[in-house]
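Fold and contact review
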Amino acid sequence: MADEDVSVDTESDSDDENGEAVEIDAIDEGVLFALQRDARNVTINEIATEVDVSPSTVRNRIDKMENAGIIRGYEPKIDYERGGFPLRLLFVCTSDPSARSSVAKNVLDIVGVVDITEMITSEHNLYIETIATSTSDLIRLTKDLNEHGLTVHSSEIITRKYSQPWGHFEPKEPSSE
């Protein structure tokens, strides 16, 4: 957030995949919505005003949600092409389902891999986002993925990626009943 140092969590997934849900209330939801919208530029005071609580309450709620694993990190949105990395690809792969999670964690060590999505069903159970600079880089990435026991079904060039805050966390207007 703009008025505080924030550490980036490089482990985007907890080792406890079957963790229990943590109960959150309307204040927590408002805080999460503001952070989803723009965690980099919003201040604790702005969130407090938006959610109608004190800044210390917002800080305590953020700390609570970080400690509970609800908030796992704050990540920048990077335009790799503008940064000199012209190719952004999505590899659609298959891994042995019993080894999928460990393979995914190992694949993160491949130079150029920036994001992995595990799918619970389907033959195509790993979606691996990569950054490359050339065709030879793509060939190396494909070879490295195969060396991890993955079957690459396709590699798709990503042109743009869109996201938005999940609307459930958006503060609700009080009803005028």
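As a reminder, the structure under discussion sits directly above these lines.
What comes next concerns the included structure. (Residues numbered from 1 in each chain as written. Predicted model: local features only at pLDDT ≥ 70, side-chain atom pairs only at ≥ 80, totals over all residues. Heavy atoms only, no water.)

1. Some remarks on the sheet that holds strand E1 (residues 87-94)
By way of backbone hydrogen bonds, the strands of a sheet pair with one another, either parallel or antiparallel. Inclusion rule: Two strands pair if DSSP finds at least two bridges between them. Under the DSSP-based scheme used, a helix requires at least four consecutive residues in state H or I and a strand at least two consecutive residues in state E, with every element numbered from the N terminus. Working convention: axes come from line fits to C-alpha atoms, limited for helices to the stretch in contact. Angles between N-to-C directions cover 0 to 180 degrees. Contact definition: two residues touch when any of their heavy atoms are within 4.5 Å.
The 4 strands lie next to each other as E2-E3-E1-E4, forming an open sheet whose pairing is antiparallel. One side of each edge strand has no neighbouring strand; the edge strands of this open sheet are strand E2 (113-118) and strand E4 (151-157). Adjacent strand axes in the sheet meet at a mean angle of 20°, parallel and antiparallel pairs treated alike. Bridge count between E1 and strand E3 (residues 126-132): 7 bridges; the pairing is antiparallel. By the bridge assignment for E3, Cys-93 is matched with Leu-126. Docked against the sheet, helix H4 (residues 100-107) engages E2 and E3, running at close to 170° with respect to E2.

2. Observations concerning the pairing of E3
In the case of a regular strand, side chains alternate between the two sheet surfaces. To be explicit about the condition: A simple rule labels every residue: compare its accessible area, found with a 1.4 Å probe on the protein chains alone, to the largest value its type can have, and call it buried under 20%, exposed over 50%, or partly exposed in between.
Of all 7 residues that make up E3, 6 are buried, and the element is covered over most of its length. When E2 meets E3, the two strands line up antiparallel, connected through 5 bridges. Paired with Glu-118 across the bridge in E3 is Leu-126.

3. Some thoughts on helix H5 (residues 135-147)
Let me state the cut-off plainly: How far a helix is expected to stretch is found by multiplying one less than its residue total by 1.5 Å.
For H5, built from 13 residues, the straight-helix expectation of 18 Å at 1.5 Å per residue is met to within 8% by its first-to-last C-alpha distance of 19 Å. Immediately beyond the C-terminal end of H5, within one or two residues, lies Gly-149, with a positive phi of roughly 80°.

4. Some points on helix H3 (residues 55-67)
Put simply, the rule reads: Working definition: the arc comes from the directions between the helix axis and the C-beta atoms, pointing outward to the latter.
If you check H3, its first and last C-alpha atoms are 18 Å apart, about what 13 residues at 1.5 Å a residue would give, namely 18 Å. Residues of H3 that are buried include every one of Val-58, Arg-59, Arg-61, Ile-62 and Met-65, and no others. An end-on view of H3 places all buried positions within 165° of arc, on one side of the element. Exposed and facing more than 90 degrees away from the buried side of H3 are Asn-60 and Asn-67.

5. As for the nonpolar core
Under the convention used in this document: We call a set of buried Ala, Val, Leu, Ile, Met, Phe, Trp, Tyr and Cys residues a nonpolar core when their side-chain atoms join them within 4.5 Å.
With 17 residues, the main nonpolar core has Val-31, Leu-35, Ile-47, Val-58, Ile-62, Ile-71 and Tyr-74 as its most contacted residues. Within the residue set of this core, elements represented by two or more residues are helix H1 (26-38), helix H2 (44-51) and H3. Considering every element that reaches this core, the biggest residue donor is H1, with 5 residues. In terms of nonpolar packing, the next biggest core, distinct from the first, is built from 16 residues, Cys-93, Val-113, Ile-116 and Leu-126 among them.

6. Looking at unusual backbone geometry
Positive phi, close to 65°, is recorded for Asp-52, a residue that is not glycine. Tracing the chain through its elements places Asp-52 in the loop between H2 and H3. Residue class for Asp-52 comes out exposed when judged on its relative accessible area of 70%.

7. Quick word on the environment of Glu-46
The topology assignment puts Glu-46 in helix H2. On the accessibility criterion, Glu-46 (42% relative accessible area) is partly exposed. In sequence terms Glu-46 and Ala-34 are 12 residues apart; their C-alpha atoms lie 9.0 Å from each other.

8. Quick word on the pattern of salt bridges
Short version of the rule: A pairing counts as a salt bridge when a side-chain nitrogen of Lys or Arg comes within 4 Å of a carboxyl oxygen of Asp or Glu.
This model, assessed by the stated rule, comprises 12 salt bridges. A salt bridge links Arg-59 to Asp-63, with the nearest nitrogen and oxygen atoms 2.8 Å apart. You can see Arg-59 and its partner Asp-63 sitting in helix H3, 4 residues apart, about one turn around the helix. Asp-63 sits in the partly exposed class, given a relative accessible area of 30%. For the salt bridge of Asp-144 with Arg-140, the shortest nitrogen-to-oxygen distance reads 3.1 Å. Taken together, the residues Asp-144 and Arg-140, both in helix H5 and 4 residues apart, mark about one turn of the helix.

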